[in-house]
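Next come the chains, spelled out residue by residue.
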Amino acid sequence: MVTATVNFYGVIRHLMDQPRATVLLPGEFTLQDVVDALEALYGRRMREEMISSGNYIHSHVKVFVDGQDVRGDLSERFGPYTGTHQLDIYLVPMSEGGRE
């Protein structure tokens, strides 16, 4: 079993009203498993804010799993992790701004 700390940044942190959540994942998991675990905690809004049509994480949200920058395909697999494993997942919305 994997204990994952999912860290929220920017607008995602605002929507979730907290900086992080802890979820339990199987020893081998996909991004879909992560999204499902977060949806169980935060409801459908989490999925709507993160997922585009075609089962990909929105292009403006960067995802890092255990230090690895991932593409955002929900079928992407991680693991297998054996024993008790702790890892970090980061959800970072890309923003634009500056002066005109």
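Up top is the structure these notes are about.
Residues numbered from 1 in each chain as written. Predicted model: local features only at pLDDT ≥ 70, side-chain atom pairs only at ≥ 80, totals over all residues. Heavy atoms only, no water.

### A look at the overall build of the protein
Then, number 1: Scanning the protein for helices and strands turns up 3 helices and 9 strands.
Then, number 2: Taken from the N to the C terminus, the helices and strands of the protein come in the order β-α-β-β-α-α-β-β-β-β-β-β.
Then, number 3: The C-alpha atoms of the protein give a radius of gyration of 13 Å, which matches the 13 Å a tight globule of 100 residues would have.
Then, number 4: Projected onto its principal axes, the C-alpha coordinates of the protein cover approximately 50 × 25 × 25 Å.
Then, number 5: A burial count over the protein gives 37% of its 100 residues as buried.
Then, number 6: Within the protein, residue pairs in contact and separated by at least 24 positions form 56% of the contacts whose partners lie at least 6 positions apart.
Then, number 7: Just so you have it, the protein exposes about 6100 Å², and 46% of that area is on carbon and sulfur atoms.
Then, number 8: Put simply, the protein has 9 plus and 14 minus side-chain charges, and the middle of one group is 4 Å from the middle of the other. (Helix = DSSP H or I, 4+ residues; strand = E, 2+ residues; numbered from the N terminus. Rg over C-alpha atoms; globule rule 2.2 N^0.38 Å. Buried < 20%, exposed > 50% of the residue type's maximum accessible area, 1.4 Å probe, protein only. Contact = heavy atoms within 4.5 Å. Areas by Shrake-Rupley, 256 points an atom, 1.4 Å probe, with all protein chains shown as cover. Lys, Arg positive; Asp, Glu negative; His and termini not counted. Charge placed at Lys NZ, Arg CZ, Asp CG, Glu CD.)

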